[in-house]
Amino acid sequence: MKGDDIDDSSAPLIEHLAELRTRLIRSVLAFAVGMILCFLVAEPILQFLSEPIADVLRARGEDPRLIFTAPQEKFFVLVRISFIGGFALAFPVIAHQLWRFVAPGLYRSEKNALLPFIIASPVLFMIGAAFAHYVVTPMAMNFFIGFSDAIPALATILAGDDVGEVTEVAAPAREISTVFLGSVRESLDLSLKFIFAFGICFQLPVLLTLMGKAGLVSAAGLGEMRKYAVVGILAVAAVLTPPDVISQVILFTVVYGLYEISILLIKRVERKRNDDLRAQGLLDDDEAGA
């Protein structure tokens, strides 16, 4: 098809392997540079990621500090932060190298179709990560840390005593008491789980729209699968979020909203495809409606 040809850059296998090696070397170098840069500022990044739990502790009148229980724990936490941050910094370079390697084998129309999704994917991931950090993580931290106070208070209420009086009188007489001393590694793990879970879930419109462009799914089919999608999203929300209803409801609401947005995007793709086929005389109105 004229105007939609593959680029004239055919090369033998050995040249493709050499180019792949060059692309990989550049990607690894970009990752190494990004990791070193992030390690230099790993402590401020850790402070930023720990801010939700610090805010919860300040609101409870407690000291907003995290502890490490092994000499090497904080060092490896900073290395982990620099590893993830280095990949994030190097992602534009890695994506560009991947695109330069794959693009010569694509038709021009395929390039034009894929490029918006390549740009939209990291943007949606950042939106999901920001939503997790600023909305979901503080709510989850507040639930988990406050849970230790909820059980004694509930027991006191069931016993018919005043919560404040029992706390003041009985606290010194208790043999065992619990207090939250947050671990740097465990707290970071929980924050990163939320960030990656919501970041990946926000890729749903990209994935479904690409499948719609490939003809693997349709807007009508996704509409008929709504009830199954609801069950699946609820299951995912139960697995990816802590066992508190609020976080699960938030994740379900967000992901289901993205599901409906995906249906609208696929309808737009199908409408554009039908218009192109109709302009070429390959589709009439009856076939388009079917």
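Only a predicted model underlies this, so the values are computations on that prediction, with no experimental measurement involved.

Visitor: Hey, could you go over the pattern of salt bridges for me, with residue numbers and the actual values?
Guide: Two side chains of opposite charge can pair, provided their charged atoms sit close to one another. Throughout the structure, instances matching the rule amount to 8 salt bridges. A salt bridge links Asp55 to Arg58, with the nearest nitrogen and oxygen atoms 2.8 Å apart. Taken together, the residues span about one helical turn, with Asp55 and Arg58 both in helix α2 (residues 42-59) at a distance of 3 residues. Assessed through its relative accessible area of 45%, Arg58 is described here as partly exposed. Asp189 is the salt-bridge partner of Arg185, the closest N and O atoms lying 3.9 Å from each other. Taken together, the positions of Arg185 and Asp189, both in helix α6 (residues 184-201) and 4 residues apart, correspond to about one turn of that helix. Its relative accessible area of 15% is what places Asp189 among the buried residues. Three or more residues joined by partner-sharing salt bridges are found here, namely Arg80, Arg185, Glu186 and Asp189.

Visitor: Kindly report on the environment of Leu234, identifying the contributing residues and their values.
Guide: Along the chain, the position of Leu234 falls in helix α9 (residues 226-240). A relative accessible area of 45% places Leu234 in the partly exposed class. Spatially, the C-alpha atom of Leu234 lies 6.0 Å from that of Phe252, the residues being 18 residues apart in sequence.

Visitor: Kindly report on a nonpolar patch on the surface, identifying the contributing residues and their values.
Guide: The grouping of Val33, Ile36, Leu37, Leu40, Val41 and Leu89 at the surface amounts to a nonpolar patch, some 590 Å² of accessible area in total. Looking at the nonpolar patch, the element that brings in the most residues is helix α1 (residues 13-40), giving 4 residues. Mapped onto the secondary structure, Val41 falls in the loop between α1 and α2.

Visitor: An account of α6 is needed here, citing residue identities and associated values.
Guide: For α6, built from 18 residues, the straight-helix expectation of 26 Å at 1.5 Å per residue is met to within 8% by its first-to-last C-alpha distance of 26 Å. Of the positions making up α6, those classed as buried are Val184, Ser187, Leu188, Asp189, Ser191, Leu192, Phe194, Ile195, Ala197, Phe198, Gly199 and Cys201. Backbone nitrogen of Arg185 and a side-chain oxygen of the N-cap are separated by 3.4 Å at the start of α6; the cap is Ser183.

Visitor: I'd love a proper account of the packing of α2 against helix α3 (residues 73-102), names of residues and values included.
Guide: Angle between the axes and distance between the axes are the two parameters that describe a pair of packed helices. One can describe the packing of α2 onto α3 by two numbers: an axis separation of 9 Å at closest approach and a directional angle of 90 degrees. For the element pair α2 / α3, the angle class is roughly perpendicular. Between α2 and α3, the contacting residues are Ala42, Glu43, Ile45 and Leu46 on the first element and Lys74, Val77, Leu78 and Ile81 on the second. Looking at the contact of α2 with α3 residue by residue, the classes come out as 6 nonpolar, no polar and 2 charged.

Visitor: So what's going on with the UniProt feature "transmembrane region" (unreviewed entry) in the protein chain? Which residues, and what values?
Guide: Look at the UniProt record and you will see "transmembrane region" (unreviewed entry) annotated at residues 24-42, 75-94, 114-136, 194-216, 228-243 and 249-266. Note that residues 75-94 is 100% helix and 0% strand, and that its end C-alpha atoms are spaced 27 Å apart. With 100% helix and 0% strand, residues 249-266 has end C-alpha atoms that lie 26 Å from one another.

Visitor: If you had to explain the packing of aromatic side chains to someone new, which residues and values would you point to?
Guide: A complete count under the given rule lists 10 aromatic pairs for this structure. Plain terms: the ring middles of Phe48 and Tyr134 are 6.3 Å apart, the flat faces sit at 70 degrees to each other, and that makes the pair edge-to-face. One end of the pair, Phe48, is in helix α2; the other, Tyr134, is in helix α4 (residues 108-159), and 86 residues separate them in sequence. Taking relative accessible area as the criterion, Phe48 reaches 41% and is therefore assigned partly exposed. Given a relative accessible area of 57%, Tyr134 falls into the exposed group. Centre to centre, the rings of Phe131 and Phe202 are 6.4 Å apart; their planes meet at 40 degrees, and the pair counts as tilted. Note that Phe131 is positioned in helix α4 and Phe202 in the loop between α6 and α7 (204-213), a separation of 71 residues in sequence.

Visitor: Kindly report on the environment of Leu204, identifying the contributing residues and their values.
Guide: Within the secondary structure, Leu204 sits in helix α7. Measuring from C-alpha to C-alpha, the distance between Leu204 and Ile261 comes to 9.3 Å, with 57 residues separating the pair along the chain. If near-sequence neighbours (up to four positions away) are discounted, Leu204 is found in contact with Val255, Leu258, Tyr259 and Ser262.

Visitor: Tell me about α3, residues and numbers included.
Guide: The terminal C-alpha atoms of α3, which comprises 30 residues, lie 41 Å apart, in line with the 44 Å expected from a rise of 1.5 Å per residue. A maximum bend of about 50 degrees is found in α3 at Ala90, where proline Pro92 lies one to four positions downstream. In this structure, the buried side of α3 is in contact with α1, α2, β1 (66-67), β2 (182-183) and α6.

Visitor: Any details on the packing of α3 against α6? Residues and values, ideally.
Guide: Contact pair α3 / α6: the axes reach a minimum separation of 10 Å and the direction vectors enclose 20 degrees. One element, α3, and the other, α6, form an angle in the roughly parallel class. As for how α3 packs across α6, the hand of that crossing is left-handed. For the pair α3 and α6, contact is made by Glu73, Val77, Arg80, Ile81 and Ile84 and by Val184, Arg185, Leu188, Asp189, Leu192 and Phe196, respectively. In the contact of α3 with α6, the residues fall into 7 nonpolar, no polar and 4 charged.

Conventions and cut-offs
Residues numbered from 1 in each chain as written. Predicted model: local features only at pLDDT ≥ 70, side-chain atom pairs only at ≥ 80, totals over all residues. Heavy atoms only, no water. Salt bridge = Lys/Arg side-chain N within 4 Å of Asp/Glu carboxyl O. Helix = DSSP H or I, 4+ residues; strand = E, 2+ residues; numbered from the N terminus. Buried < 20%, exposed > 50% of the residue type's maximum accessible area, 1.4 Å probe, protein only. Patch = residues over 30% accessible without salt bridge, like charges linked within 9 Å, V, L, I, M, F, W, Y side chains within 5 Å. Areas by Shrake-Rupley, 256 points an atom, 1.4 Å probe, with all protein chains shown as cover. Expected span 1.5 Å × (residues − 1). Polar contact = N/O pair within 3.5 Å; in protein donor to acceptor, adjacent residues only side chain to side chain. Axes fitted to C-alpha atoms, helices over the stretch in contact; angles between N-to-C directions. Parallel < 35°, antiparallel > 145°, perpendicular 65-115°, else oblique. Contact = heavy atoms within 4.5 Å. Nonpolar A, V, L, I, M, F, W, Y, C, P; charged D, E, K, R; others polar. UniProt positions renumbered as here; feature names shortened; annotations may be inferred. Phe/Tyr/Trp six-rings, centres within 6.5 Å; stacked < 30°, edge-to-face > 60°. Bend = angle between axes of the 7 residues up to and from the residue. Left-handed = near helix turned anticlockwise from the far one by under 90°.

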